[in-house]
Amino acid sequence: MAVTSLTKATALSRLSSTQFFSTIPPKISQYRNQISLANLLQRYGFPPSQLHSFLTRNHFLLSNSNIRDIQNSLNILLSLKIPQNCFVSLLSECPAVLDYNFLKKWQIGFSEFGNLGVSPVVISNVLALSRRFQIDPDSFLKSVGVLKGLGFKGGVLTRVLERFPRVIMMKENEIFAKIGFLEGIGISGCGIERVFYLFPEALGFDVENRLKPLLEEFLELGFSENEVREETVREPRILGMDLGEMSRCLGLLKTLKCRVPIKDRIFSEGEFRAGLEVKLRVDCLCKHGLIRREAFKVLWKEPRLILYEIEEIEQKIEFLVNRMKYGVGCLVEVPEYLGANFDKQIVPRYNVIEYLRSKGALGFEVGLKSLIKPSRLRFYNLYVKPYPECEKMFGRFVQGAGFQRRHPVGMWKLFTPQKYTESKEDSNNMKSFMEPLV
């Protein structure tokens, strides 16, 4: 009797435990899947800082996918030797690419036409594009054959597929129209290869509605066909100009108020080239958050930017935003920041102000204008001279360095007046002149 009651109790406890695990709320189960998927992605190199937002945006990975299938998909992506930055970008922009059946089909496809020399970056671009627009490996192979037939070979083909993968969705006559336009303005075969290598995005522009009106605008502004052809081959990004943009850039150049040497350097390579340099700097400023009107205003106030390299401008903007924690909009009020020397002026002044702020030596807030606009001597007298420990980090008036002499030591001897020998007659004349005065 006791054994029977014990057996019933054991069965009842097992039944209750089974009911407990079968009644786990769905939220808890989904949370466990989220943790497992996060650990899996992190193990394959996905940045931990982006995991939460990635999983929040893509709930389908938790509900409709198997963790093991996702792991197999990640293994396929690694086998394709996709670079880490492209791998993260691919998953962030197109998470549906983690479909195992889709990747397995493309893995077989890439292995079959591996002799094409397709780079891992091209593979990443093609996977994202094919997933969005349902492109199969056979269609991709056919598009590559069309490009080769039109003269895209070797590095040019790889470059086009890396920078403008949508070319595989274009028809042959559309691509041929772009080539015909360049041939029509007198660009040779080598020049066309250079244009598409340096600026593959030109393949996406419509000939009738974009390229031909742009050429007509250049001619109406007074530029010759030879000049347009030479500048297009030299810098193909000219083809990326919007209609009317060159006119606006030239209008800015005509109203510049700067020193004559700076203006001469801006126009040293011709008016056409100067207008393009303005366009490239405007695009750079707009890429970092300014609107076009603000970008033109910054260039008008600080014309030296037209002479600076794009990389140098981007370095200053990144330091302003990421290190100094200012908004990009501050450049509209203080464009002189972009004209200041990065290593000799911006960084030392910032280091001094940050040191004084950390020590509580500043009783007021030093803004970007107060940081950049004062002269070196004024900044030194305000923030460095009262605090000797700041002189080394400022690097300007360091003790012991002093100012460089204008001439080497001993040079003064060359400027001393010439001495003449005095005769006895000169001495007698001097004495006779001085005696009445005594």
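Predicted model only: the values in this text are computed from it and were never measured. (Residues numbered from 1 in each chain as written. Predicted model: local features only at pLDDT ≥ 70, side-chain atom pairs only at ≥ 80, totals over all residues. Heavy atoms only, no water.)

1. Digging into the packing of helix α11 (residues 172-184) against helix α13 (residues 207-220)
Between two packed helices, what matters for the description is the angle formed by their axes and the separation of those axes.
Thinking step 1. Their axes nearest at 11 Å, the elements α11 and α13 cross at an angle of 15°. One finds that α11 runs roughly parallel with respect to α13. Of the two possible hands of crossing, α11 and α13 adopt the one that is right-handed. In contact with A177, K178 and F181 of α11, α13 contributes V207, L211, K212 and L215.
Thinking step 2. Per-class residue counts for the contact of α11 with α13 are 5 nonpolar, no polar and 2 charged. (Axes fitted to C-alpha atoms, helices over the stretch in contact; angles between N-to-C directions. Helix = DSSP H or I, 4+ residues; strand = E, 2+ residues; numbered from the N terminus. Parallel < 35°, antiparallel > 145°, perpendicular 65-115°, else oblique. Left-handed = near helix turned anticlockwise from the far one by under 90°. Contact = heavy atoms within 4.5 Å. Nonpolar A, V, L, I, M, F, W, Y, C, P; charged D, E, K, R; others polar.)

2. Let's talk about the layout of surface pockets
To find the voids left in a structure, one rolls a probe of water-molecule size over its atoms.
Thinking step 1. Taken as a whole, the largest pocket spans an internal volume of roughly 260 Å³.
Thinking step 2. For the lining of the largest pocket, the secondary structure elements donating two or more residues are α16 (260-266), α17 (271-287) and α19 (310-323).
Thinking step 3. The greatest single-element share of the lining of the largest pocket, amounting to 5 residues, is contributed by α17.
Thinking step 4. Partitioned by chemical class, the residues of the lining of the largest pocket number 6 nonpolar, 1 polar and 9 charged.
Thinking step 5. One number sums up the size of the second largest pocket: a volume of about 210 Å³.
Thinking step 6. Looking at the second largest pocket, the residues that line it are C86, S89, L90, E93, V121, S124, N125, A128, L129, R132 and P165.
Thinking step 7. Of the residues forming the lining of the second largest pocket, the biggest block, 6 residues, is contributed by helix α8 (residues 120-133).
Thinking step 8. Among the residues making up the lining of the second largest pocket, the classes are represented as 6 nonpolar, 3 polar and 2 charged. (1 Å grid on protein atoms, 1.4 Å probe; cavity = no way out; pocket = protein on both sides within 12 Å on 5 of 7 lines; lining within 4 Å. Points joined across faces, edges and corners; volume = space filled by probe spheres on them.)

3. Let's talk about the side chain of R210
Thinking step 1. Relative to the assigned elements, R210 resides in helix α13.
Thinking step 2. By relative accessible area, which is 19% here, R210 ends up buried. (Buried < 20%, exposed > 50% of the residue type's maximum accessible area, 1.4 Å probe, protein only.)

4. Let's talk about the confidence of the model for the chain
Thinking step 1. Per-residue confidence for the chain gives a mean pLDDT of 84, with 85% of residues at or over 70.
Thinking step 2. Across the chain, the secondary-structure element scoring lowest on mean pLDDT is helix α1 (residues 2-22), at 43, and the one scoring highest is helix α18 (residues 292-301), at 95.
Thinking step 3. This stretch, residues 1-25, has a pLDDT under 50; its non-local contacts, to residues over four places away or in other chains, come to 2 contacts.
Thinking step 4. Segment residues 398-403 is flagged for pLDDT under 50; beyond a separation of four residues in sequence, or across chains, it makes 3 contacts in the model. (pLDDT = per-residue confidence, 0-100.)

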